[in-house]
Amino acid sequence: MSPRYDVAIVGGGIVGLATALALVQRSRGSVVVLEAEGRLAAHQSGHNSGVIHSGLYYKPGSLKAQTCTAGREALYRFGLEEGIPHRRCGKVVVATRPEQLALLELLEQRGRANGLQRLRRLGSEALREREPEVAGLAGLWVEETGVVD
Ligand SMILES: Cc1cc2nc3c(=O)[nH]c(=O)nc-3n(C[C@H](O)[C@H](O)[C@H](O)COP(=O)(O)OP(=O)(O)OC[C@H]3O[C@@H](n4cnc5c(N)ncnc54)[C@H](O)[C@@H]3O)c2cc1C
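Residues numbered from 1 in each chain as written. Predicted model: local features only at pLDDT ≥ 70, side-chain atom pairs only at ≥ 80, totals over all residues.

Asks: Please clarify how the domain arrangement of the protein should be interpreted in this entry.
Replies: It is common to give the size of an interface as the accessible area that goes away when the parts come together. Structurally, the protein comprises domain 1 (1–48) and domain 2 (50–149). Each of domain 1 and domain 2 has a C-alpha centre, and the two are 30 Å apart. (Domains from an automatic or database assignment.)

Asks: I'm lost on the environment of Val148 in this one. Help?
Replies: Summarising the element assignment, Val148 is placed in strand 8 (residues 146–148). As a C-alpha pair, Val148 and Tyr58 span 90 residues in sequence and 21 Å in three-dimensional space. Ignoring anything within four residues of it in the chain, the contact list for Val148 reads Gly50, Ile52, Leu75, Gly79, Ile84 and His86. (Helix = DSSP H or I, 4+ residues; strand = E, 2+ residues; numbered from the N terminus. Contact = placed C-beta atoms within 7 Å.)

Asks: Could you clarify how one ought to interpret the sheet that holds strand 6 (residues 120–123) in this entry?
Replies: Backbone-to-backbone hydrogen bonds pair the strands of a sheet. The strands run either parallel or antiparallel. The antiparallel open sheet is built from 3 strands, whose spatial order is 5-7-6. Looking at the sheet topology across the chains shown, the edges are occupied by strand 5 (91–95) and strand 6. Between one strand axis and the next, the sheet turns by 25 degrees as a mean value, whatever way the strands run. Judged from the 5 bridges that link them, strand 5 and strand 7 (residues 138–142) form a sheet pairing that is antiparallel. Within the sheet, the bridge partner assigned to Val94 lies in strand 7 and is Gly139. Helix 3 (residues 101–113) rests against strand 5, strand 6 and strand 7 of the sheet, and its axis sits at about 15 degrees to strand 7. (Pairing = 2+ DSSP bridges. Axes fitted to C-alpha atoms, helices over the stretch in contact; angles between N-to-C directions.)

Asks: What exactly am I supposed to notice about the sheet that holds strand 3 (residues 51–52) here?
Replies: Overall, antiparallel pairing links the 3 strands, which are arranged 3-8-4 in an open sheet. Pairing within the sheet leaves two strands with one partner each, and these edge strands are strand 3 and strand 4 (86–87). Inspection of the sheet shows strand 3 paired to strand 8 by 2 bridges, in the antiparallel sense. Residue pairing for strand 8: Val51 is matched across the bridge by Val147.

Asks: Explain the site of the ligand to me, please; I cannot follow it from the model alone.
Replies: Taken together, 21 residues form the shell around the ligand, and within it Gly11, Gly13, Ser45, Asn48 and Val51 come nearest. For the shell around the ligand, the residue count by class is 8 nonpolar, 11 polar and 2 charged. When we break the shell around the ligand down by domain, the ones giving at least three residues each are domain 1 (1–48) and domain 2 (50–149). (Near = placed C-beta within 6 Å. Nonpolar A, V, L, I, M, F, W, Y, C, P; charged D, E, K, R; others polar.)

Now the structure itself:
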């Protein structure tokens, strides 16, 4: 007789696997993950940029902003607990043209409204000091951004 499961999840990318993990951790019965490929994370989850997003860009108060912020910290914790290589290395958003300076200002306000309290504006000199290969008029340093393998 074929095995029976309480929940079947179709797709072994990060969303399917995270869902399966959450169900197992909450003892919500037996779970099977069905994956069409011969390995997990064969599509988007294995071919992305590996950025742990800060939540800088999303509309404050939106569900995306909330889940990105909470998910960011959950992912850092998960990386530590499971020994998954990751770095909270920060990133810099760069304005290269004068008309982008106002947008950088808006982005900073949006980031602060999303709880990013350690944002820092960089002038062109400070920008070059932090990232010698980057030339720009100004930058916005976002400490919470990271990368994960
Ligand atoms: C170029 C690029 C860069 C990105 N960079 C980042 C980044 O830096 N940071 C970030 O957070 N996000 C990034 N993303 C987004 C992120 O990769 C996706 O949001 C995430 O991987 C989606 O996961 P998923 O599980 O929904 O999809 P997938 O990883 O695509 O998983 C879906 C799985 O379902 C399987 N499947 C589909 N149909 C069936 C079926 N009928 N039966 C069985 N299995 C099936 C597929 O084989 C696949 O394995 C990036 C995306 C892209 C494209």
